[in-house]
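# Chains, contacts and geometry: an overview
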4 protein chains.
Amino acid sequence: MGMVGGGRGAFIGAVHRMAAGIDSQIELVCGALHVDPDEAVLSGQDLYLKPERIYRTYNEMFDKESQLPEDERMDFVSIVTPNHVHFEPAKLALENGFHVVCEKPLSFSLDEALQLQRLVNDTGLVFALTHTYTGYPMIKQAREMFKSGVFGKIRKVVVEYPQGWLSTPLEKTGHQQATWRTDPMRSGKSGSVGDIGTHAENLAETITGLRITELSADVSTFVENRLLDDDANVLLRFNNGAKGVLHCSQICAGEENPINIRIYGEKGSIQWHQHDPNTMYVKWLERPMEVYRTGTSYMGEAAAAHTRVPAGHPEGYLEAFANIYRNFSKVVQARLAGVEPDPQFLDFPTVEEGVRGMKFIDAVIASGKNNAAWTKIE
Amino acid sequence: MGMVGGGRGAFIGAVHRMAAGIDSQIELVCGALHVDPDEAVLSGQDLYLKPERIYRTYNEMFDKESQLPEDERMDFVSIVTPNHVHFEPAKLALENGFHVVCEKPLSFSLDEALQLQRLVNDTGLVFALTHTYTGYPMIKQAREMFKSGVFGKIRKVVVEYPQGWLSTPLEKTGHQQATWRTDPMRSGKSGSVGDIGTHAENLAETITGLRITELSADVSTFVENRLLDDDANVLLRFNNGAKGVLHCSQICAGEENPINIRIYGEKGSIQWHQHDPNTMYVKWLERPMEVYRTGTSYMGEAAAAHTRVPAGHPEGYLEAFANIYRNFSKVVQARLAGVEPDPQFLDFPTVEEGVRGMKFIDAVIASGKNNAAWTKIE
Amino acid sequence: MGMVGGGRGAFIGAVHRMAAGIDSQIELVCGALHVDPDEAVLSGQDLYLKPERIYRTYNEMFDKESQLPEDERMDFVSIVTPNHVHFEPAKLALENGFHVVCEKPLSFSLDEALQLQRLVNDTGLVFALTHTYTGYPMIKQAREMFKSGVFGKIRKVVVEYPQGWLSTPLEKTGHQQATWRTDPMRSGKSGSVGDIGTHAENLAETITGLRITELSADVSTFVENRLLDDDANVLLRFNNGAKGVLHCSQICAGEENPINIRIYGEKGSIQWHQHDPNTMYVKWLERPMEVYRTGTSYMGEAAAAHTRVPAGHPEGYLEAFANIYRNFSKVVQARLAGVEPDPQFLDFPTVEEGVRGMKFIDAVIASGKNNAAWTKIE
Amino acid sequence: MGMVGGGRGAFIGAVHRMAAGIDSQIELVCGALHVDPDEAVLSGQDLYLKPERIYRTYNEMFDKESQLPEDERMDFVSIVTPNHVHFEPAKLALENGFHVVCEKPLSFSLDEALQLQRLVNDTGLVFALTHTYTGYPMIKQAREMFKSGVFGKIRKVVVEYPQGWLSTPLEKTGHQQATWRTDPMRSGKSGSVGDIGTHAENLAETITGLRITELSADVSTFVENRLLDDDANVLLRFNNGAKGVLHCSQICAGEENPINIRIYGEKGSIQWHQHDPNTMYVKWLERPMEVYRTGTSYMGEAAAAHTRVPAGHPEGYLEAFANIYRNFSKVVQARLAGVEPDPQFLDFPTVEEGVRGMKFIDAVIASGKNNAAWTKIE
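Residues numbered from 1 in each chain as written. Chains lettered and ligands numbered in written order. Predicted model: local features only at pLDDT ≥ 70, side-chain atom pairs only at ≥ 80, totals over all residues. Heavy atoms only, no water.

We now examine helix H3 (residues 58–67) of chain C. Residues and elements named next belong to chain C. Among the residues making up H3, those that are buried are Tyr58, Met61, Phe62 and Glu65. Projected onto a plane normal to the axis of H3, the buried residues spread over an arc of 95° and lie on a single side. Elements that come into contact with the buried residues of H3 comprise strand S1 (2–4), strand S2 (30–32), strand S3 (76–79) and helix H4 (87–95). (Buried < 20%, exposed > 50% of the residue type's maximum accessible area, 1.4 Å probe, protein only. Helix = DSSP H or I, 4+ residues; strand = E, 2+ residues; numbered from the N terminus. Arc of directions from axis to C-beta. Contact = heavy atoms within 4.5 Å.)

Rendered as structure tokens:
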């Protein structure tokens, strides 16, 4: 794989590399790792890349790599830059025939997202979007269980993502992650909603298989002089008549990174907390709550296929992330081998989820600007 | 004390009696315990009341008790009937000079509530509303801590009360609690919002000291043919600029009775779950979360005054309930003795909270009927 | 009921009175509430006892009460004094024909315990020992489930009771609870083992129905100059071949009052923490863990009979305590009425458990003095 | 790295490879992956090893690799075989100048362990033992805090490792992991104690810095016809006067893999559960319990150095494992570069811990055979 971004000072790039490394399927062979060409070179040296494959810009990378013999060039590119630098490298990658792993949200604007969607469809290339949380095995289990009908029709969804790290004007201190995430020129039209609200939306729609049809969002900026939202409370309506609540925040003082979900069907419900991702609480009408655990004999096929160690050996965020890379790379390998991929690996977020996320952002921000008026998605 | 309602087949009446019994301050001396006069008599016999003080109707009770010598008559009455039978006995009690403990919500309609409020103010009698959850010592602690300013300005409140017991049409089975709670003629204009949403509202306003100024409510009835709401998702705005989410439900399959609250200030936050009421999670920006526990040396004065046993000896719902009765009875005792009550006992929900709750119900239901339009409270 | 001890400065007496008050079955009518006769009088006034039934000594109380007409005298006595004042008042009570509730451990020495046992057997009077923790409904449920055989043969028991309140030499500060509990003249031959180790032993034997046959105990005193043990680690062997660990402590800094138990059978196991007494974790070999909760529809008969409020309304220590009083008083009522008690009420710890506890203390202390040599219990 | 064992049918080999892969520092270049030479070849092919570096036996591997030029041969070997095949390959590796990562327990017998210890000392080669649990960042934090004296002198340690997977005679079903672990010819003189008891011992001694001086162990085999112990309850005495309890089991029906520890000092205590490894409960005498979390700003240097993602992004077992590999590989790299390693990387279990573990096993088994007589460790 090649990488765009993720060099010195970055956070998520290293996460991608660790996730890609776990299963020994993927090797970083080249990169344009920093917006500053000199930093890009130093960053490449940090990672022991071969000098000739440390690129100063992604344009250079796509250009040079395309010219390498097929079995020498990178198989795919991983784009781990801030939001405003997703579209261009992704577009270039696709136009140059490279498969793509891209950070979320998919792009800076819905328009860009739709262009990428068309390009993916036209080229037939493999495209993965790193909505990490749906990579957890327990989320696969939840999805399977709701699909099976064991909980009956879904009535209510409560999904929340309260962070506290932007409770103070951290962006004024030069903190790199805070700075771009609160900058409309780099993050897009939304702060908290784009950064974490989309994860919540993706988690809810992935598990339930439902679609949010309209929403009413009270969007706030609590920290003075901050340019983007740092909090949103959203009422949801789903295409099957279910109702829901989604709230996300960066000003919930003292919270770390707890993305949590509860989904209530007619006959039972589930509750999952990322804090303890290998556990799911399954509640029933007239029976004791059951506590599902990954790595056990009673887990379903999809969960089992995304679990690496036995029950009681906790797996975490990197392993969830690695599940996306593993599945993506298996599909890419099949593609390179000219065979059909094993369907079990066709289980990672794609450009479709990316477009969906951009529509969600647009709807939330529009509703927020309109005093939380009901706003349709699509 | 005398009691209206709470006889055979009732639930909350027995709870009131246990709560009143814990501190050996209060004795049940008379009652009109059932809407059916014969059942009222049998219920009185069940409780070993003296035959002459088992009344067939509350009218009879107020009439007869008023005629007893002052030191023989009941000191106050406890009204534990369904919502539509709060107003009349409360009014009669006040008019006959009896102090009142009344179940929530205060009344069937806001108009009734306002009448009771005037009557309480005019008579100067003591009136307690059993919003039990604010009787927990940890809620006193939370209230004290927010008041102290240690968390800074409040930014966000998330309060939830998801029950699951009405996931099926239980009212069709003759279940007494379900039947009246889903009947507009007995419950009032709301089901879930009146029954439990008001507890959530009361909890949020009590701890924060803030007032909800407007709300946007998506109110639903999920169980077919049910006549009242069984679910509501509500966006909140507070008088200091804070935002919030309140959701309550009776169709959250598998949930018992978890009223939970999280309140976020600029510098820290608290989290409390009724499931484990003696524990409060206190989170800070750059320090480890602290876990406050009742009965410990570091608890504040108000919490300590409402705790009966040392740390690690769990107290529960009945003890919270008993705190209301204890405080109320201490104030009544002072009143009977013609002295000022110790201010520490002036700590229980009153008719004011009752009026507030009725306004909340009205606003939620109005908003719900208007597609969740923002609706002001007062 | 009458009470011996429990006046000014006492802790557990008030707990007894609250527990006795919850179900409105029991009224405190007289007492000899303090070892100092003047304090005894003041304590009786605090509790609004009739002056003529405030006694200066328990001898006086038994003497005077026996002379009252049968329907006026107290029905039973509650003994809530330090350990060295259990035997005499209990003996006097039984000799004077009064039923007895007694604090644990039963007595100062095994010899006293055996005398009381004989006396109870000879008189046929009702005797309850307040091993509170087995009063919790969930403990009844656990006992029923093990009896049913659903978990197979029991293999291992881990029971623990780590407190931290005596981590410092609190007895040097004049702290009343600490002082007598660390004084061999008042507490007996053991500190932590008698005070809380016996609760752990009682809990284990009650749930499993097994008997500890021998034990190996490492008994320690960590706080300098303390005269009794403040920590014990004990290996257990049971009469069915099961093994176990029991550890109790008063120097586990930071611990409150967590008595916890895990019991492992061939096919499954349970885990219970007093911290959250309404919950029991039930684990199986190849199925998800189940979380049992009091007040639910699936709880067994015994648990249901000892639960006062619906699921999700937490019950605590006082309610567990009240279960002992309720059952005891129902049996006493039957006895007074000359009828057989309902067998469901014959469910409280008796003098037998008291004797058992004294034998346990003797064995642990003997083993401890003998470098943890295996020591048989009876 | 080269690998001995870990081929088809193995469990821990894959874990080693994933752990080694996370930080992109280590590449598997050769292996003798199975005791059956043909399976060894197939296993090597599974992992895409170069054919010439797939070895049929570890003898062949050490022989051939030693003959390769220094910059081509493997830098170290990872030994992931059952216990009876640790000593020989480790010895050969050391004798041939290869650094070693070895699974625990170090060897089949204490004698072997002592030989390896001498060999490591004589050769000066780097040797890591994969006591994974001490690789968790929170364990580093606990160790640092106890070392700092903030908790005062340690008084009591409770460490437990109750598994349930061998509750039935799983070894009779041909289950590979169960079979060798219950076979004295492959596992050594102990089953549960060697497999998991040593982890508990290592965890306790690592955090506290104390040494167990003597122990009293009740060692059991509950499953009929099993040849090795499947349960042990152990009393501990430490070199500073602290006491402790260690219990480990493979027959705790329903338990997964919960290694847990509580350590009590004079002024405070910690509690850690592997289930939620990023959390540590820190309790104090008169202050609220604090909940420490990895990835936060208040964590100490050692914990921070072993954490890969921010607070709230759970890290798990593989990451703890990877910490051993990362540190080991950094030290090996320094050695290969002829420089002193950064002292922060000298933080992984070595042959010393391995010898200590073998002595622990010997003492527990000896005590167990002698009716739990106190038995000294060295």
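And the narrative resumes.
Taking 1.5 Å per residue as the helical rise, helix H12 (residues 351–369) of chain A with its 19 residues ought to reach 27 Å, and the 27 Å between its terminal C-alpha atoms agrees with that figure. One or two residues past the end of H12 of chain A sits Asn371 of chain A, with phi positive at roughly 55°. (Expected span 1.5 Å × (residues − 1).)

The next thing to look at is the confidence of the model for chain A. Scored by pLDDT, chain A has a mean of 97; 100% of the residues are at 70 or more. The ipTM value of the predicted complex is 0.96, and its pTM value is 0.97. (pLDDT = per-residue confidence, 0-100.)

Attention now goes to the side chain of Ser78 of chain A. All names here are of chain A. Within the fold, Ser78 resides in strand S3 (residues 76–79). Looking at Ser78, the relative accessible area reads 0%, which means it is buried. Polar contacts involving the side chain of Ser78 include one to the side chain of His16, which spans 3.4 Å. The residues contacting Ser78, other than those within four sequence positions of it, are Met1, Gly2, Met3, Val4, His16, Val101 and Tyr325. (Polar contact = N/O pair within 3.5 Å; in protein donor to acceptor, adjacent residues only side chain to side chain.)

What follows is about the relation of the copies chain C and chain D. Expressed as a screw transformation, the operator carrying chain C onto chain D has a rotation angle of 180° and an axial translation of 0.0 Å, and the superposed copies differ by an RMSD of 0.0 Å. Those values place the two copies in the arrangement expected of a two-fold rotation axis. A shared interface surface links the copies, since 100% of the contact residues of chain C are contact residues in chain D too. (Least-squares fit on C-alpha atoms with pLDDT ≥ 70 in both.)

Moving on, we get to the interface of chain C and chain D. If you look at the interface, chain C gives 48 residues, while chain D gives 48 residues. Buried surface at the junction of chain C and chain D, both sides included, amounts to about 3300 Å², of which 50% is carbon and sulfur. At the surface where chain C touches chain D, the tally comes to ten salt bridges. Among the salt bridges present, the one from Lys156 of chain D reaches Asp231 of chain C, with a minimum N-O distance of 2.8 Å. Taken together, chain C and chain D are joined by 24 residue pairs in polar contact (both at pLDDT 80 or more). Mapped onto the side of chain C that touches chain D, the elements with two or more residues apiece are strand S6 (154–162), strand S7 (212–220), strand S8 (231–238), strand S9 (243–249), strand S10 (260–265), strand S11 (268–273) and strand S12 (279–284) of chain C. (Buried area = accessible area lost by both parts, 1.4 Å probe. Salt bridge = Lys/Arg side-chain N within 4 Å of Asp/Glu carboxyl O.)

This part covers the interface of chain A and chain C. Opposite the nine residues of chain A that make contact, chain C presents nine residues. Overall, the association of chain A and chain C removes approximately 820 Å² of surface from exposure, summing both partners, and the carbon and sulfur fraction of that is 62%. Linking chain A with chain C are zero salt bridges. At the surface where chain A touches chain C, the tally comes to four residue pairs in polar contact (both at pLDDT 80 or more). Each residue belonging to the side of chain A that touches chain C can be placed in one class, and the counts come to five nonpolar, one polar and three charged. (Nonpolar A, V, L, I, M, F, W, Y, C, P; charged D, E, K, R; others polar.)

Moving on to the relation of the copies chain A and chain C. Superposition of the two copies of the chain requires a rotation about an axis together with a shift along that axis. The two copies are related by a screw motion: chain A maps onto chain C through a turn of 180° and a shift of 0.0 Å along the axis, at an RMSD of 0.0 Å. The share of interface residues of chain A whose copies in chain C are also at the interface is 100%, consistent with both copies meeting through the same surface.

Residues and elements named next belong to chain D. Between helix H1 (residues 12–21) and helix H11 (residues 317–337), the least distance of the axes is 8 Å, while the angle of their chain directions is 70°. One element, H1, and the other, H11, form an angle in the roughly perpendicular class. Across from Ile12, Val15, His16, Met18, Ala19 and Ala20 in H1, the residues of H11 making contact are Tyr317, Leu318, Phe321, Ala322 and Tyr325. Here the residues of the contact of H1 with H11 sort into ten nonpolar, one polar and no charged. (Axes fitted to C-alpha atoms, helices over the stretch in contact; angles between N-to-C directions. Parallel < 35°, antiparallel > 145°, perpendicular 65-115°, else oblique.)

It is worth spelling out the packing of aromatic side chains at this point. Going through the model one piece at a time under the given rule, you end up with 56 aromatic pairs over all chains. Relative to Phe328 of chain A, the ring of Phe76 of chain A has its centre 4.8 Å away and its plane inclined at 75°; by these criteria the two rings are edge-to-face. Of this pair, Phe76 of chain A sits in strand S3 while Phe328 of chain A sits in helix H11 (residues 317–337), and the two are 252 residues apart along the sequence. Each member of the pair, Phe76 of chain A as well as Phe328 of chain A, carries the same accessibility label: buried. Measuring from centroid to centroid gives 6.5 Å for Tyr58 of chain B and Phe62 of chain B, while their planes differ by 65°, and the two rings are edge-to-face. Of this pair, Tyr58 of chain B and Phe62 of chain B both sit in helix H3 (residues 58–67), separated by four residues, roughly a single helical turn. In this pair, the class of Tyr58 of chain B matches that of Phe62 of chain B, namely buried. Among the aromatic residues, ring-to-ring pairing joins Phe76, Tyr133, Tyr136, Tyr161, Trp272, Tyr317, Phe321, Tyr325, Phe328 and Phe348 of chain A into one connected group. (Phe/Tyr/Trp six-rings, centres within 6.5 Å; stacked < 30°, edge-to-face > 60°.)

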